[in-house]
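What follows is the residue order along each chain.
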Amino acid sequence: MSAPSASLAAPRDLGFVWNLLWWLPRAAVLGALAFVIFGPLLNLLIWTVAERWYFPHALPIDYGFSYWGRVFAPRGNAVQSLVASISIAVFTVAGSLALAIPAGYALARLKLPLRSLILLAFLLPQAFPNLPVYVNIARLFYEIGLNGTVLGVVLVHVTHGLVYAVWIAAAAFSAVDRDLELAARNLGASGLKAFADVTLPLAAPGLMASAIFVFLESLDEFTGSYFVGAPDVTTLPLLLYSAGAGGNYQIASITALLLLVPSIAFMLVVEKFLRADVLAKVGQ
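Residues numbered from 1 in each chain as written. Predicted model: local features only at pLDDT ≥ 70, side-chain atom pairs only at ≥ 80, totals over all residues. Heavy atoms only, no water.

A look at the packing of helix 7 (residues 150-174) against helix 9 (residues 191-220)
Relative to each other, helix 7 and helix 9 sit at 145°, their axes nearing to 8 Å. Between helix 7 and helix 9 lies a crossing of right-handed hand. The segment helix 7 lies against helix 9, with His-157, His-160, Gly-161, Tyr-164, Ala-165, Ile-168, Ala-169, Ala-172 and Phe-173 engaging Phe-195, Thr-199, Leu-200, Ala-203, Gly-206, Leu-207, Ser-210, Phe-213, Val-214, Glu-217 and Ser-218. Within the contact of helix 7 with helix 9, the residues separate by chemical class into 12 nonpolar, seven polar and one charged. (Axes fitted to C-alpha atoms, helices over the stretch in contact; angles between N-to-C directions. Helix = DSSP H or I, 4+ residues; strand = E, 2+ residues; numbered from the N terminus. Left-handed = near helix turned anticlockwise from the far one by under 90°. Contact = heavy atoms within 4.5 Å. Nonpolar A, V, L, I, M, F, W, Y, C, P; charged D, E, K, R; others polar.)

Description of the packing of helix 6 (residues 130-144) against helix 7
Where helix 6 meets helix 7, the axes come as close as 12 Å, and the angle between the chain directions of the two elements is 145°. Relative to helix 7, the crossing made by helix 6 is right-handed. For the pair formed by helix 6 and helix 7, the contact residues are Asn-130, Tyr-134, Ile-137 and Phe-141 on the first element and Gly-152, Leu-155, Val-156 and His-160 on the second. Of the residues belonging to the contact of helix 6 with helix 7, the class tally is five nonpolar, three polar and no charged.

A closer look at the packing of aromatic side chains
One pass over the full model with this rule turns up 11 aromatic pairs. Here the aromatic rings of Phe-222 and Tyr-226 are separated by 5.6 Å at their centres, their planes lie at 25°, and the arrangement is stacked. Judged by relative accessible area, which is 26%, Phe-222 ranks as partly exposed. With 6.0 Å between their ring centres and 65° between their planes, Tyr-226 and Tyr-241 make a pair best called edge-to-face. Taken together, the residues span a long stretch of sequence, with Tyr-226 in helix 10 (residues 223-229) and Tyr-241 in helix 11 (residues 236-245) at a distance of 15 residues. Through a chain of ring-to-ring contacts, three or more aromatic side chains come together here, namely Phe-222, Tyr-226, Phe-227 and Tyr-241. (Phe/Tyr/Trp six-rings, centres within 6.5 Å; stacked < 30°, edge-to-face > 60°. Buried < 20%, exposed > 50% of the residue type's maximum accessible area, 1.4 Å probe, protein only.)

Topic: the UniProt feature "transmembrane region" (unreviewed entry) in the protein chain
In this structure's numbering, the residues bearing the UniProt feature "transmembrane region" (unreviewed entry) are residues 20-46, 82-105, 117-137, 149-173, 194-216 and 249-270. As a span, residues 82-105 carries 100% helix and 0% strand, and end to end its C-alpha atoms are 34 Å apart. Helix and strand shares over residues 149-173 are 96% and 0% respectively, and the end C-alpha atoms of the span are 34 Å apart. (UniProt positions renumbered as here; feature names shortened; annotations may be inferred.)

Here's the deal with helix 9
Taking 1.5 Å per residue as the helical rise, helix 9 with its 30 residues ought to reach 44 Å, whereas the 38 Å between its terminal C-alpha atoms falls clearly short. Of all the bends in helix 9, the greatest reaches close to 55° and is centred on Ala-204; the proline Pro-205 follows between one and four positions later. (Expected span 1.5 Å × (residues − 1). Bend = angle between axes of the 7 residues up to and from the residue.)

Observations concerning helix 6
For helix 6, spanning 15 residues, the distance from its first C-alpha to its last is 21 Å, which sits close to the expected 21 Å at 1.5 Å a residue. Tyr-134, Ala-138 and Phe-141 are the residues of helix 6 that are buried. The buried residues of helix 6 occupy an angular sector of 70° when projected down its axis, which confines them to one face. Among the structural elements, helix 7 and helix 10 are those in contact with the buried residues of helix 6. One or two positions beyond helix 6, positive phi appears at Gly-145, with a value near 85°. (Arc of directions from axis to C-beta.)

This is the structure we're talking about:
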């Protein structure tokens, strides 16, 4: 009986070794990926509560929340910068959607010539290096009195937000069955009423997702805000840059965390709104 038992155990051992060799590389890759993603976040969180931390210590010497008090103090400018960032992002969303809804509907419903080129035209702000573009925009805005104003910053943010707004809006309207709109027209509804009562509500989840993308893009935008708004308009990314450049890593980390929390929250919301049928229509 010992010989058959040994012969049965050998395949089991070989299977265990094979599974181990199969899973070890995958576990190593997943572990490395988790470290790359969550390692900087963990370091960021540690810096937010570090009172003293310097080389060669692997961890902070003292922990505390004194820097949180400095950030949210009346002279810390964090609250004012947060309010400015959110206000600019809201105005950017409003301006982007005001242009993207009619443009997206036209691109989805009308047989426009050179439709693909029109969609590609909205990518032009992303096709060139930001630095020379914003330098020239800042010079132009200075001549017409928009430099250092909230309106000037909003206009710059809208040029970036239109990329997401128009493309996703066009996809959202394309995903709506046109027969539903035609049925409303056959029942006596005008074109505007059919759009408002049928097409727009069905496209609302995609439009909401595009609004969130635009909001996050505006909230995190730095280069345009720096050249067009600074020093009169201070946003959270500008405050983060100033703190990091000055070596105030605790304040920079707290500011970065303030930017990170709404980004993660809104991305989870986007995942609920963007359906597979809408994603399939992007760029078509």
